[in-house]
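Coordinates in review
Residue-level listing of the chains:
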Amino acid sequence: MKLGIDLDDVIAVCAVPYLRKFAQEFGVELPDEREIGWHLLASLNERVSPADRDRFRIKLYDGTFFADLDIYPECPAVLERMVEAGHDLFFVTARAERRRMTTETWLREKGILRHAKAVHLKPMGDFNPDWPRGRYDPSSSAEYKARLAKELRLDAFCEDDVVIAKTLASAGVRVFLFDQPWNRELAHERISRVAGWSAVAEHLGV
Ligand SMILES: [Mg+2]
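Residues numbered from 1 in each chain as written. Predicted model: local features only at pLDDT ≥ 70, side-chain atom pairs only at ≥ 80, totals over all residues. Heavy atoms only, no water.

1. Section: unusual backbone geometry
Test applied: Strands are runs of DSSP state E lasting at least 2 residues, helices are runs of H or I lasting at least 4, and numbering of each runs from the N terminus.
One non-glycine residue with positive phi stands out, namely Asp9, at about 70°. Even without being glycine, Arg153 reaches a positive phi, approximately 55°. The residue Arg153 is located in the loop between helix H7 (138-151) and strand S6 (156-159) in this model.

2. Overview of the pairing of strand S4 (residues 88-96)
Put simply, the test is: Burial classes follow relative accessibility: with a 1.4 Å probe on protein chains only, a residue under 20% of its type's maximum area counts as buried, one over 50% as exposed, and anything between as partly exposed. Pairing between two strands is assigned when DSSP locates at least 2 bridges connecting them.
Where burial is concerned, most of S4 is hidden: seven out of the nine residues are buried. Sheet analysis places strand S1 (residues 2-5) next to S4, joined by four bridges and oriented parallel. Bridge pairing in S4 places Leu3 opposite Leu89. Of the strand pairs in this sheet, S4 and strand S5 (residues 116-122) are connected by five bridges, and their pairing is parallel.

3. Regarding the nonpolar core
Our working rule: Each nonpolar core is a collection of buried residues, namely Ala, Val, Leu, Ile, Met, Phe, Trp, Tyr and Cys, held together in the definition by side-chain atoms within 4.5 Å. Note that the domain bounds reflect an automated or database-derived domain assignment. Residues count as neighbours in contact if any of their non-hydrogen atoms are within 4.5 Å of one another.
Counting 47 residues, the largest nonpolar core has Ile5, Ile11, Tyr18, Leu79, Met82, Phe91 and Trp197 as the members making the most contacts within it. With five residues, the top contributor of residues to this core is helix H1 (residues 15-26). Viewed by domain, this core spans two of them, domain 1 (2-13 + 69-204) and domain 2 (15-68), each represented by three or more residues. Beyond its immediate stretch of four places on either side in the chain, Leu79 contacts Ile5, Ile11, Leu89, Phe91, Ile112, His115 and Trp197. Ranked by size, the runner-up nonpolar core spans 19 residues in total, among them Ala146, Ala169, Val173 and Leu177.

4. Focus: the sheet that holds S6
Backbone hydrogen bonds are what pair the strands of a sheet, in a parallel or an antiparallel way. Our working rule: In this analysis, axes come from line fits to C-alpha atoms, helices being fitted only over the stretch in contact, and the angle between any two N-to-C directions falls in the range 0 to 180 degrees.
Read from one edge of the open sheet, six strands run S5-S4-S1-S6-S7-S8, paired in parallel fashion. A single partner strand is all that each edge strand has here, and the edge strands are S5 and strand S8 (191-194). Pairwise comparison of adjacent strand axes, ignoring direction, gives a mean angle of 20° for this sheet. Strands S6, strand S7 (174-178) and S8 of the sheet are contacted by helix H8 (residues 162-170), whose axis makes an angle of about 160° with S7.

Structure (structure tokens):
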């Protein structure tokens, strides 16, 4: 099987450290770790202006944030077993192409770069020019990932984002949706919700 694999919040533990830093910067209180997620940002619209958020995000992403992320502990062993079982893995992230060096160095340090046939980052041309620089844009990321899924003839995709997962499923791709507090509402016949990497391994019989 050919599988696309998202990085942030699928391989990398991303939302929790992001929200922690955000809360620290703007003096916001966070709930229990299990409920921390991107959905909380929407509820802080009145507390922090879009311009301040953008400045914060760009500064964070231009620093060591991506290089410092942890990965989910079961991930490396499961990826290894998937490859041994004959599956082809493609890392597909909506991180910008200019973050390739940081991203590949980090994947190599974590010992998992070798499991991927290729690493795909979002090219400049796939960004919506009307969208503020660096701000998360799920619809253009969904189009980009759906296009790649078609080009690479992917059978399945590991993803956490609602818009992206829905777009891929509608395009005929099977999705392993990594359970996160921001995607709990999503259900689709081609989407299997998974608690983590061990569950993916079970689905694939590896
Ligand atoms: Mg993600």
